[in-house]
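Summary of the model geometry
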Amino acid sequence: MNEQQFIEALKDKGIELSEKQIAQFKKYFELLVEWNEKMNLTAITDIEGVYLKHFYDSISASFYFDFTQVTTVCDVGAGAGFPSIPIKICFPHLHVTIVDSLNKRITFLNHLSDELQLEHMHFVHARAEEFGQNVAYREQFDVVTARAVARLSVLSELCVPLAKQGGYFVALKAAAGAEELKDAKKALAIFGVTLREEFSFLLPVEESERTLYIFDKIKGTPKKYPRKPGVPNKTPIQ
Ligand SMILES: C[S@@+](CC[C@H](N)C(=O)[O-])C[C@H]1O[C@@H](n2cnc3c(N)ncnc32)[C@H](O)[C@@H]1O
């Protein structure tokens, strides 16, 4: 997916990027490739791969979960910033906290955030399970995200304690994992979240499978979650 296809694909999903946002993605790509020569940030370094498998893939969560309806996001194990930085570029009102256990990635993210002039960003070098025990962060976030960090059973422990009561945990996965979900059922219940919805779809161009799990942390009757208007039930979206 080249830059123009990326811009068009987002436009089709109702996200119209400004010149500033287009420039932020361009700079993000440049810094990712430049810093990747000094430290291991990603195996994907070609421009089309980065725009598709990192930028577009990260933003695809917002095709289902409406980020305009939330304010605080915690991204656990964001690595080089995925999914939260592409989401933040598209939805600048968000206050984003990133926690990662590798300090060199936090160094990169701090630099990236300065260069892209992102506001309301907070970077923490910590293991999420310890970070989640800190009363300043426990149950503080509207939504907690994670992509390619661990199995759902482990993610329940890492991510769910950070979501506020009435908040959400959104997991971006490569493919639907009925087995993984079954394994995680007990842990998810212990940590107090319920699977609200699951969306399977194909990434454009190369058509690889993706699954988005949306869990809510709600005691009693579930309330309406910020579902993106117009999204049909469990229908593959391309
Ligand atoms: C495979 S990378 C994925 C990075 C990014 N989410 C993505 O999709 O490209 C996993 C990241 O999670 C971080 N990580 C793994 N376990 C963690 C933990 N318990 N707490 C915080 N970060 C963790 C690693 O340092 C690494 O940056």
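Please refer to the structure higher up on the page.
All of these numbers come straight from a predicted model, not from anything done at the bench.

**Describing the sheet that holds strand 6 (residues 194–202)**
Overall, mixed pairing links the 7 strands, which are arranged 3-2-1-4-5-7-6 in an open sheet. Of all strands in the sheet, those bounded by a partner on one side alone are strand 3 (121–125) and strand 6. The sheet shows a mean angle of 15° between the axes of neighbouring strands, taken without regard to direction. Bridge count for strand 6 against strand 7 (residues 209–217) is 8 bridges, and the pairing is antiparallel. If you follow F201 over to strand 7, its bridge partner there is R210. Of the strands in this sheet, strand 1 (72–76), strand 4 (141–147), strand 5 (163–173) and strand 7 touch helix 7 (residues 152–159), which is tilted by about 145° from strand 5. Its contacts with the sheet put helix 8 (residues 178–190) on strand 5, strand 6 and strand 7, and the angle it makes with strand 7 is roughly 15°.

**Section: the environment of D100**
Relative to the assigned elements, D100 resides in strand 2 (residues 95–100). For D100, the contacting residues outside a window of four places in its chain are G77, A78, G79, I106, V124, H125 and A126. A polar atom in the side chain of D100 sits 3.3 Å from the backbone nitrogen of A78.

Cut-offs applied
- Residues numbered from 1 in each chain as written.
- Predicted model: local features only at pLDDT ≥ 70, side-chain atom pairs only at ≥ 80, totals over all residues.
- Heavy atoms only, no water.
- Pairing = 2+ DSSP bridges.
- Helix = DSSP H or I, 4+ residues; strand = E, 2+ residues; numbered from the N terminus.
- Axes fitted to C-alpha atoms, helices over the stretch in contact; angles between N-to-C directions.
- Contact = heavy atoms within 4.5 Å.
- Polar contact = N/O pair within 3.5 Å; in protein donor to acceptor, adjacent residues only side chain to side chain.

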